[in-house]
Amino acid sequence: MIKSGLLALALLSAPVVGHAQATRTWVSGVGDDVNPCSRTAPCKTFAGAISKTAAGGEINVLDPGGFGTVTITKSITIGTDPALGGTLNASTNGILINAAATDTVTLRGLVIMGPTTGVSTGLNGVRILQAGAVNIENCYIYGNRAAAPNGNGIVALNSSGTLRLNVVNTLLSENGAASTGAGILVQPTGSGSAIVSFNHVTAIDNARGVQLDASSTSGSVKGTIANSNLSNNTLAGIHIVSAGATASIYITDTNSSNNAGGVNSIGAGAVALVNRSSFVGNAFGFQPLSGGLIQSYVNNAVTGNGADGAPTSTITPK
C-alpha cells in the first residue's frame, strides 16, 4: 500500500510533457488542423501548421490547394518548389511577417492572390513589418488593388534595423490602385534600412513595377535589380524616391519599357546607376527630378520614348 501510494504521488507530481514542435510539417487540401501536420497526417492551413512548426523549420505542401493567410513571427520556410500551394487574400494581407530582427523567413513556390473578379480587395500579397532577412523565391503574387497605403505585391515597412529582402524568379502583376502601389514597394520608416536584391523579377501590369522609397527613414535603401522585366505598368517601371537619406539602386541587364516612366530618380539622395539595360516605349525614359541622379553607362538603350530624357552623368565602361 505504501509503495502504491508513493507511485501514485510520483505520477501526480511528474511534469506534463507537451507535443514537441516539428522541424518539418505538411499541409494538404484534404488535411485537418487537428492533425500533427506530419506527412501522413497533414494540416489543412498554413496558420494551423505554423504553430506546430519549430523556429527555423519548414512547412511543405503535399498537393495543390489554397491554404489560407498566415502571420509569421519567427524564422520559417513556407512552400514547395515547384509551386503547389497558395493563399487567397480578400480584404486582408496574404502573408504578414512580423518576426524578430534576427529571423529569416523564406517563401518558396507560392501563389499569393487577391480576388481578381469584380473589385479586387486584396490588401498586400506579402507585408513585411520586421525581420532580419526575407527570401521570396519562385512565387506568383497578383491581384492586390486596395487603395493606399495598401495595394502592393510585396511591401517592406521595417521601422528599425536593416532588412535584407531577396526576390528571385518571381512574377508580380495586377497590384496597385490608379496612382499608388507597386509590384514591390520598399519603404522603411523611422531608423529602418533595407538592402534589396531583385533577380529575374517580372513586374507587369502594376501601378509601379519596383519602388524604393527613403523619404520616411533616416536609414538607407539600397540594392540591385538584375535580369528583370518591369514593363506595362501604368506609372513607372522603376521609381526611386528620397528626402535626403540614401536611396540607391544598381540596375543591370533589365528591361523597363511601355510604362509611364522607365526609371524615375526623385530627390536629393536618390541615385540610379544603369548598366546594359533597355528603356523603350515609355512616356519618359530617364527622369531625374528634384536633385535625383541617374548615372548611365553608355551601353544602355534609351530610345522610342515619348521623351527619352538624359542621365545626369555618363560612364564609359573600362
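Cut-off values and rules
Residues numbered from 1 in each chain as written. Predicted model: local features only at pLDDT ≥ 70, side-chain atom pairs only at ≥ 80, totals over all residues. Heavy atoms only, no water. Phe/Tyr/Trp six-rings, centres within 6.5 Å; stacked < 30°, edge-to-face > 60°. Helix = DSSP H or I, 4+ residues; strand = E, 2+ residues; numbered from the N terminus. Buried < 20%, exposed > 50% of the residue type's maximum accessible area, 1.4 Å probe, protein only. Lys NZ or Arg CZ within 6 Å of the ring centre and 35° of its normal. Core = buried A, V, L, I, M, F, W, Y, C linked by side-chain atoms within 4.5 Å. Contact = heavy atoms within 4.5 Å. pLDDT = per-residue confidence, 0-100. Pairing = 2+ DSSP bridges.

## Here's the deal with the packing of aromatic side chains
Then step 1. Tallied over the full model, the rule gives three aromatic pairs.
Then step 2. For the ring pair F46 and F67, a centre distance of 5.5 Å and an interplane angle of 55 degrees mean the geometry is tilted. With F46 in helix α2 (residues 46-50) and F67 in the loop between β3 (65-66) and β4 (70-72), this residue pair connects regions lying 21 residues apart in the sequence.
Then step 3. Given the relative accessible area of 1%, F67 is considered buried.
Then step 4. On the numbers, 4.3 Å between centres and 20 degrees between planes, the contact of Y140 with Y142 is stacked.
Then step 5. Overall, the relative accessible area of 28% leaves Y140 in the partly exposed class.
Then step 6. Cation over ring: R39 sits above W26, and NZ or CZ is 4.9 Å from the ring centre.

## Regarding the nonpolar core
Then step 1. With 58 residues, the main nonpolar core has L165 and F198 as its most contacted residues.
Then step 2. Among the elements that line this core, the one with the most residues is strand β16 (residues 193-204), at five residues.

## Topic: the environment of I95
Then step 1. Looking at where I95 falls in the secondary structure, it is placed in strand β7 (residues 95-98).
Then step 2. When residues no more than four places from it in sequence are discounted, the contact partners of I95 are V70, I72, L107, L110, I112, G125, V126 and R127.

## Notes on the confidence of the model for the protein chain
Then step 1. For the protein chain, mean pLDDT is 91; residues scoring 70 or higher make up 92% of the total.
Then step 2. Every residue in residues 1-18 is under pLDDT 50, and counting partners more than four places away or in other chains gives zero contacts.

## Section: the pairing of strand β15 (residues 182-186)
The side chains of a regular strand alternate, first on one face of the sheet and then on the other.
Then step 1. For β15, the tally of buried residues reaches five of five residues, placing the bulk of the element in the interior.
Then step 2. Strand direction decides the pairing type here: strand β13 (residues 152-156) and β15, joined by three bridges, are parallel. From the neighbouring strand, I154 faces β15, where its bridge partner is I184.
Then step 3. Pairing analysis gives four bridges linking β15 to strand β17 (residues 208-214), with the strands arranged parallel. From the neighbouring strand, L185 faces β17, where its bridge partner is Q211.

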